[in-house]
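Residues per chain are reported as follows:
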Amino acid sequence: MTGLFIRLGGGTMTIQVIGGGSVGLLLASFFAEKGFAVNIISARAEQREGIDTYGLIRQDNKTEKQKFAVTAKDRIAEESDLLVIAVKYNGLMQLYPLLTELPASIPLLFVQNGLAHYEEALSLPQHHIAFGSAQFGAQRENDYTVIHRGIGMMKLAIGRGDREKFASVMTLDSEIMPVSYEEDAEKMLLEKALLNCFINPLTAILKVKNGELLTNQHAYSLLETLYGELMAAFPDMRAQFPFEGVKRLCEKTAANTSSMLADRLAGRTTEVDTIVGAIIKKATVNGRQLPTLHTLYELIKAAEQLESGDKV
Ligand code: KPL
């Protein structure tokens, strides 16, 4: 991606999605389905060519594949009605300088996992900044095909600015893409990070799909231990976080490869620091230790180091 911006014309509401990963492609398909002009910003020429040639394909769990007309570009247009930032946390650092150059009026929606991006995003100059918490299952099959692996909430919360600027996100609300509005963005991100702490490290270490955490008795026992540990550290969360809710998420996304496992399998750096590391840090500030989660954190970091070939 370069530092230049192009200007898009036309009257239809334009939504740009930066990042052609599973979450970016899935959201792009739902926006396109609603009639928005969707532009996917991808740094990879092969991905842009794939999308130009075949369109954006979405496969919902049991239905046939559907094709959506979207455009794919390597640069962010200066004008758009919404900019969805769907790169992983690790990709944000190189994006921030580009976002800083964009007009302050462009509404930004950040859909990263974890907690680390919250303060960083709010230090950008844009007036309208929102956060999304994606609790659905999504898997990128190839550069232009995404599989909707499990129905789950898309939560939206305003970090700063005008809620109306994000009305397009609320229009996605449907049986297969339920969207809810949350009042407190930081709390929403914390809730999602906790959910990710239950599922992501275990599935990434065991190399299993989410549903296996319920059917493998040893994995289930670890899930229970993690739940007890995390709820002791964040007692305020217990009310909206019954263990049943954690089990339900595993059930709903049973066939999904968690994002942390997908990163491991693809040899990418995982989001363990922004999710697990950030939760451990938050608990430590509150004087709580998370020994099981800490062990999982070190295991993921060790695996990453082994896979990258780095030595201490
Ligand atoms: O957010 C997810 C992820 O994989 O990162 C869940 C909801 C756990 C689905 O796999």
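All figures in this text were calculated on a predicted structure; none of them were measured in a lab.

1. Overview of the pairing of strand β9 (residues 137-142)
Step number 1: Of the pairings in the sheet, the one linking β9 to strand β10 (residues 145-150) comprises 5 bridges and is antiparallel in character. Looking at the pairing, R140 lines up with V146 of β10.
Step number 2: Where β9 hands over to β10, the hairpin turn is made up of 2 residues, counted between the paired strands.

2. A closer look at the nonpolar core
The nonpolar side chains of soluble globular proteins are, as a tendency, buried together.
Step number 1: Among the nonpolar cores identified, the biggest contains 66 residues, and L99, F110, F198, L230 and I279 are the most heavily contacted of them.
Step number 2: Looking at this core, you find at least three residues from each of domain 1 (14-183) and domain 2 (189-307).
Step number 3: Grouped together as the second largest cluster of nonpolar side chains are 37 residues, F68, V70, A86 and M177 included.

3. Points about the packing of aromatic side chains
Step number 1: All told, the structure shown has 8 aromatic pairs when counted by the stated rule.
Step number 2: A centroid spacing of 4.4 Å and a plane angle of 20° characterise the contact between Y54 and Y144, whose relative ring orientation is stacked. Separated by 90 residues along the polypeptide, Y54 in helix α2 (residues 45-54) and Y144 in the loop between β9 and β10 bring together distant segments of the chain.
Step number 3: Accessibility expressed as a relative area gives 19% for Y144, which makes it buried.
Step number 4: Where Y118 meets F131, the ring centres are 5.0 Å apart and the plane angle is 45°; that geometry is what we call tilted. Of this pair, Y118 sits in helix α4 (residues 117-122) while F131 is found in strand β8 (residues 129-134), placing the two residues 13 residues apart along the sequence.

4. Describing the domain arrangement of the chain
Step number 1: For the chain, the domain assignment lists domain 1 (14-183) and domain 2 (189-307).
Step number 2: Using C-alpha coordinates to define each centre, domain 1 is positioned 24 Å away from domain 2.
Step number 3: The interface is formed by 23 residues belonging to domain 1 together with 24 residues belonging to domain 2.
Step number 4: Of the roughly 1800 Å² buried where domain 1 meets domain 2, counting both sides, 51% is carbon and sulfur surface.

5. Observations regarding the packing of helix α6 (residues 185-206) against helix α9 (residues 243-252)
Step number 1: The N-to-C vectors of α6 and α9 enclose an angle of 55°; their axes lie 11 Å apart at closest approach. With respect to each other, α6 and α9 are oriented oblique. The two elements α6 and α9 cross, and the hand of that crossing is right-handed. Residues L195, F198 and I199 of α6 form the contact with α9, whose participating residues are V246, L249 and C250.

6. Observations regarding the site of the ligand
Step number 1: Close contacts around the ligand come from N113, A134, K192, N196, I199, N200, N210, N256, S258 and S259, and that covers them all.
Step number 2: In this structure, K192 approaches the ligand through a side-chain N or O atom, which is 3.0 Å from an oxygen atom.
Step number 3: Between the ligand and N200, the relevant distance is 3.1 Å, taken from an oxygen atom to a side-chain nitrogen or oxygen of the residue.
Step number 4: Taken atom by atom, the bulk of the ligand overlaps the largest pocket.
Step number 5: The element that contributes the greatest number of residues to the shell around the ligand is α6, accounting for 4 residues.
Step number 6: Considering only residue class, the shell around the ligand consists of 2 nonpolar, 7 polar and 1 charged.

7. Considering the pattern of salt bridges
Step number 1: Counting across every chain of the model gives 14 salt bridges.
Step number 2: As a salt-bridge pair, K187 and E191 come within 3.6 Å of each other at their nearest N and O atoms. Remark: E191 and K187 occur in helix α6; sequence separation between them is 4 residues, near one turn of the helix.
Step number 3: On the basis of relative accessible area, E191 is assigned to the buried category, the value being 11%.
Step number 4: Across the pair K301 and D273 runs a salt bridge, and its minimum N-O distance is 2.6 Å. You can see K301 sitting in helix α12 (residues 291-308) and its partner D273 sitting in helix α11 (residues 272-285), a full 28 residues away along the chain.
Step number 5: A relative accessible area of 39% means that D273 is categorised as partly exposed.

About the thresholds
Residues numbered from 1 in each chain as written. Predicted model: local features only at pLDDT ≥ 70, side-chain atom pairs only at ≥ 80, totals over all residues. Heavy atoms only, no water. Pairing = 2+ DSSP bridges. Helix = DSSP H or I, 4+ residues; strand = E, 2+ residues; numbered from the N terminus. Core = buried A, V, L, I, M, F, W, Y, C linked by side-chain atoms within 4.5 Å. Buried < 20%, exposed > 50% of the residue type's maximum accessible area, 1.4 Å probe, protein only. Domains from an automatic or database assignment. Phe/Tyr/Trp six-rings, centres within 6.5 Å; stacked < 30°, edge-to-face > 60°. Contact = heavy atoms within 4.5 Å. Buried area = accessible area lost by both parts, 1.4 Å probe. Axes fitted to C-alpha atoms, helices over the stretch in contact; angles between N-to-C directions. Parallel < 35°, antiparallel > 145°, perpendicular 65-115°, else oblique. Left-handed = near helix turned anticlockwise from the far one by under 90°. Near = heavy atom within 4 Å. Polar contact = N/O pair within 3.5 Å; in protein donor to acceptor, adjacent residues only side chain to side chain. 1 Å grid on protein atoms, 1.4 Å probe; cavity = no way out; pocket = protein on both sides within 12 Å on 5 of 7 lines; lining within 4 Å. Sits in = over half its atoms within 2 Å of the grid points. Nonpolar A, V, L, I, M, F, W, Y, C, P; charged D, E, K, R; others polar. Salt bridge = Lys/Arg side-chain N within 4 Å of Asp/Glu carboxyl O.

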